[in-house]
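So you can see what is in the structure, the chains are spelled out below.
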Amino acid sequence: MSDASEKHVKEGATAETQIYAASGTDEEVGIVHKGGQLKADLRSRHMQMIAIGGAIGAGLFIGSGGALYKGGPAALIIGYLIVGVMLLFTMQALAELAVLYPVNGAFYTYVVRFVDPSWGFAMGWDYAIAWLTVLPFELIAAGITIEFWRPDLSVAIWVTVFLVILTLIQVFGVRGYGEVEFVLSMVKILACTGFIILGIIINCGGVGDRGYIGAKYWYEPGAFKNGFNGFAGVFVVAAFAFGGTELVGLAAAESADPRRAIPTASKQVFFRIAFFCIINLFILGLILPSDDSRLENSSGANSSYSPFVLAIQDAGIAVLPSIFNAVITISVVSVANSCTFGSTRTMQAMAERGMAPKFLAYVDKAGRPVWCVAVQLAFGFLGYLGVASNGLDVFTWLLSLSGLSYFFVWGSCCLAHIRFRLAWKSQGRDFREIPYQTPLGIWGSAIGLGLNFLCLIATFYNALYPSPNSTPDPAAFFQQYLAAPIVIVLYLFWKAWSGDWRMWVKLSDVDLTSGARPMEIHEDDDVVEKRTWANLPVRIFRALF
């Protein structure tokens, strides 16, 4: 949809949503250092591509190979599917909150308001640190992908090139982020669609000398590997692959029409993940055996060992490996672009609440959190550590800070939604005031929270016992689970600093009015569609699409 047509639709809906927009002038409670106004310059097409952009990246194109090698094709698909279902409920909960409260900081702000300020402080900094440390890693990853063509050039050259590109994107503010993410996500979608078609052709024997493959690799070497250990190892890879999908909620404060754009993007997350990720991984498991020794190196930024590239090379196709490596480069740049958005908006919102240095709250006249952007780009210079002999070891520990961040953030989103619904009922508010309601309500968030908890348990077990015959290794454990003690330390620090040792914010004390955009209830709204088995398919279709 073009910007012109979007503007026409938006203007046509003005009368319908006027009350929704008019009631959101109250300043957010808890603000102590009010910064400038972020610019609402993201359109619906940007929001939808931000959602899918977070689910298609190096975690899919490279990390899935390591997961395939550890767990086998069935464990790979089941693990990614579980995380996908978990994200469906998480994004629905986030959509309901973001439409009613399109405030700066999104899920960080919701956790502070509806759960506990100390837990919100821990989640905010954990999430910001995750993106801060991921950026230099992604810059190195982008440089390593270039080595596929030019191994004679230093990675430091490409770290500089991509860092300059990211800096230029920041000049154009949130609109620059949205446009770049839109274009890069389109490329990734085309690549995934093309691989599905190519994979079917390879599997049927249309390319290469292996003939018809069918499901041979599901029988030999098998659908599962390494028992529960291998299955549990898939979750961390899947979480890293889908990390960034929650940016849709973070972008709510900068969306031109959050009431329409956010639910649409959130509803499509699961189906896009199912199509572009699950089907790609299913095809991959059919044409590449899980015992291929090359897959052991499919991690981090080793694009030469991308399972997608390996599958194409095994089919004897000369040009496509280079093309797909270019797609991986684009995916890595897309993640780096998301880093500069995710961390900066979170830090700026935290600074406004006094939970981060005051100068980070500043927003210039163009709607850019300038100092937050400067901090994020400064972390990009850590990318030059990748050139050092032991530089990548440093990054292994830096990335361990963010290894579990997504599970904590996603679970906290579900918990915040549960607490919001309970507070809404406790204070006698009418649920019809909520502009967008999740199909399963509080139960969907409960399922999402439960799945997050199970993933944390599985990851804990895998960190202790990565393979069936392994013994616990402290270094290996903390490389996967270091984020957990960091979160606990952050939580206790703010409890001690603020002197507030309450477990929760009381439901009666939860602020439900500041920054809210509720619907106005009319007498005509009392007519509610009766729920019957006959109209169940129609209701499901409306809820999902």
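Above this text is the structure in question.
Heads up: these notes are all about the structure in this document. (Residues numbered from 1 in each chain as written. Predicted model: local features only at pLDDT ≥ 70, side-chain atom pairs only at ≥ 80, totals over all residues. Heavy atoms only, no water.)

### A word on the overall build of the protein
In step 1: For the protein, the count of helices and strands is 22 helices and zero strands.
In step 2: In the protein, of all internal contacts separated by at least 6 residues, the share reaching a separation of at least 24 is 82%.
In step 3: In the form shown here, the protein has an accessible surface area of approximately 22200 Å², with 66% of it arising from carbon and sulfur atoms. (Helix = DSSP H or I, 4+ residues; strand = E, 2+ residues; numbered from the N terminus. Contact = heavy atoms within 4.5 Å. Areas by Shrake-Rupley, 256 points an atom, 1.4 Å probe, with all protein chains shown as cover.)

### Some words on the nonpolar core
Considering soluble globular proteins, one finds that nonpolar side chains tend to be buried as a cluster.
In step 1: The biggest cluster of nonpolar side chains holds 146 residues, and the ones touching the most others in it are Tyr-80, Tyr-101, Tyr-110 and Trp-410.
In step 2: Per-element accounting of this core gives the leading share, 16 residues, to helix H7 (residues 117-146).
In step 3: Leave out the neighbours within four places in its chain, and Tyr-110 touches Leu-94, Leu-97, Ala-98, Tyr-101, Val-103, Val-115 and Ala-416. (Core = buried A, V, L, I, M, F, W, Y, C linked by side-chain atoms within 4.5 Å. Buried < 20%, exposed > 50% of the residue type's maximum accessible area, 1.4 Å probe, protein only.)

### Observations concerning the packing of H7 against helix H21 (residues 483-498)
In step 1: H21 packs onto H7 with a crossing angle of 135° between their chain directions and a minimal axis gap of 8 Å. Between H7 and H21, the crossing angle belongs to the class labelled oblique. The way H7 lies across H21 gives a crossing that is right-handed. Note on element contacts: H21 touches H7 through Ala-483, Val-487, Leu-490, Tyr-491, Phe-493, Trp-494, Lys-495 and Ser-498, opposite Pro-117, Ser-118, Trp-119, Phe-121, Ala-122, Met-123, Trp-125 and Asp-126. (Axes fitted to C-alpha atoms, helices over the stretch in contact; angles between N-to-C directions. Parallel < 35°, antiparallel > 145°, perpendicular 65-115°, else oblique. Left-handed = near helix turned anticlockwise from the far one by under 90°.)

### Notes on the environment of Phe-121
In step 1: Tracing the chain through its elements places Phe-121 in helix H7.
In step 2: Between the alpha carbons of Phe-121 and Met-355 there is a distance of 6.7 Å; along the sequence they are 234 residues apart.
In step 3: Here Phe-121 is in contact with Tyr-108, Met-350, Met-355, Leu-490, Phe-493 and Trp-494, once residues within four sequence places are set aside.

### Observations regarding the pattern of salt bridges
Proximity of charged atoms lets side chains of opposite charge pair with each other.
In step 1: Taken as a whole and assessed by the stated rule, the structure comprises eight salt bridges.
In step 2: A salt bridge links Asp-511 to Arg-113; the shortest N-O distance between them is 3.1 Å. Taken as a pair, Asp-511 in the loop between H21 and helix H22 (536-544) and Arg-113 in helix H6 (residues 107-114) lie far apart in primary sequence, 398 residues in all.
In step 3: Since its relative accessible area comes to 8%, Arg-113 is described here as buried.
In step 4: Its salt-bridge partner being Asp-292, residue Arg-294 comes within 2.6 Å of it at the nearest N-O pair.
In step 5: Residue Asp-292 is classed as buried on the basis of its relative accessible area of 12%.
In step 6: Ionic contacts of the salt-bridge type, sharing partners, join the residues Asp-292, Arg-294 and Asp-314 into one network. (Salt bridge = Lys/Arg side-chain N within 4 Å of Asp/Glu carboxyl O.)

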